[in-house]
Amino acid sequence: MGSGKGRGLSSVFVVCPRCNNKGRLIEKRTPHNIYYYVYHSRNKLCYVGAGRYEYVSKLHDFELRGAHDSKRYIDYLEFIVEILGEALREDSKNRDEIVKSLVEAYINITELLIELSKELDSDIASRIARALERVRARCIRYELS
Ligand SMILES: [Zn+2]
């Protein structure tokens, strides 16, 4: 990987998304991107992704990121909700199909939150309960129940 210029061993230990072993996260910077690796030993280095996937992202309405970024799915979810919201307002042709998929995703997320709330600390569990109660109240208000 060259002389070490543009990269460094970080003190951040991570579980490698490629091999599931622990290692240090390394950044290798180039003029156009940042590449991430997990350093396990002198003989083992796993490539785990880039900072940006410009070429692939051109085919999507949001930017994809590498496996080193454990929060990327939450960001993708927020983008997807926004994109689907726009699609529902603009595209009446596929509206029923999109709404059906959204309802299924919502049910799955809700079931996951209920399941997790049993394991999480009481503050987060009560936040989940309040959020679900707000949704329920809105359903009643809009006569969706
Ligand atoms: Zn690895």
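Chains are numbered independently. Their residues run from 1 in the order of the written sequence. Per-residue local features are limited, in this predicted model, to residues with pLDDT of at least 70; the limit for side-chain atom pairs, both in listing and counting, is 80 or more; totals at the level of whole chains, interfaces and linings are taken over all residues.

**Focus: the overall build of the protein**
Item 1. In terms of helices and strands, the protein carries four helices and four strands.
Item 2. For a compact globule the rule gives 2.2 Å times the number of residues to the power 0.38, and the radius of gyration it is set against comes from C-alpha atoms. The C-alpha atoms of the protein give a radius of gyration of 21 Å, which is well past the 15 Å a tight globule of 145 residues would have.
Item 3. In terms of overall dimensions, the protein has C-alpha extents of about 65 × 40 × 20 Å along its principal axes.
Item 4. Whether a residue is buried, exposed or partly exposed follows from its count of other C-beta atoms within 10 Å of its own C-beta, namely 20 or more, 12 or fewer, or something in between, respectively; the C-beta atoms are built from the backbone. Looking at the 145 residues of the protein, the share that counts as buried comes to 6%.
Item 5. Here the contact rule is simple: place C-beta atoms from the backbone, and any two residues whose C-beta atoms are within 7 Å are in contact. Within the protein, counting contacts between residues at least 6 apart in sequence, those at least 24 apart form 15% of the total. Runs of E in the DSSP output that reach at least two residues are strands. Runs of H or I that reach at least four are helices, and both are numbered from the N terminus.

**A closer look at the pairing of strand β4 (residues 44-50)**
Item 1. In this description, strands pair whenever DSSP reports at least two bridges between them. Bridge count for strand β3 (residues 34-41) against β4 is six bridges, and the pairing is antiparallel. When the sheet's bridge partners are listed, Y36 is paired in β4 with G49.
Item 2. Count of turn residues in the β3/β4 antiparallel hairpin: two residues.

**Observations regarding the nonpolar core**
Item 1. Counting residues in each nonpolar core, the largest one holds six residues, listed as C16, I26, Y36, Y37, V38 and V48.
Item 2. Per-element accounting of this core gives the leading share, three residues, to β3.
Item 3. Look past the residues within four positions of C16 in its chain and what remains in contact with it is N21, G23, V38, H40, C46 and V48. Each nonpolar core consists of buried Ala, Val, Leu, Ile, Met, Phe, Trp, Tyr and Cys residues. Their C-beta atoms, within 7 Å, join them into a set.

**Considering the packing of helix α2 (residues 72-90) against helix α3 (residues 95-117)**
Item 1. At a minimum axis separation of 9 Å, α2 and α3 run at an interaxial angle of 150°. Of the two possible hands of crossing, α2 and α3 adopt the one that is left-handed. Packed against α2, whose contacting residues are L84, A87 and L88, the element α3 presents R95, I98, V99 and L102 at the interface. Whenever a helix is involved, its axis is fitted only over the stretch in contact; in every case the axis is a line through C-alpha atoms, and angles between N-to-C directions fall within 0 to 180 degrees. Note on convention: near helix rotated counterclockwise from far helix by under a right angle means a left-handed crossing. Clockwise means right-handed.

**Thoughts on the domain arrangement of the protein**
Item 1. Annotation of the protein at the domain level lists domain 1 (1-69) and domain 2 (91-141).
Item 2. Each domain's extent is set by a domain assignment, obtained either automatically or from a database. For domain 1 versus domain 2, the distance between C-alpha centres works out to 33 Å.

**A closer look at the packing of α3 against helix α4 (residues 122-141)**
Item 1. Their axes nearest at 9 Å, the elements α3 and α4 cross at an angle of 145°. Seen from above, α3 lies across α4 with left-handed handedness. Residues T110, L113 and S117 of α3 touch α4, and the partners they reach there are A125, I128, A129 and L132.
Item 2. Polar here means any residue other than Ala, Val, Leu, Ile, Met, Phe, Trp, Tyr, Cys and Pro, which are nonpolar, and Asp, Glu, Lys and Arg, which are charged; Gly is therefore polar. Residue classes in the contact of α3 with α4 are distributed as five nonpolar, two polar and no charged.

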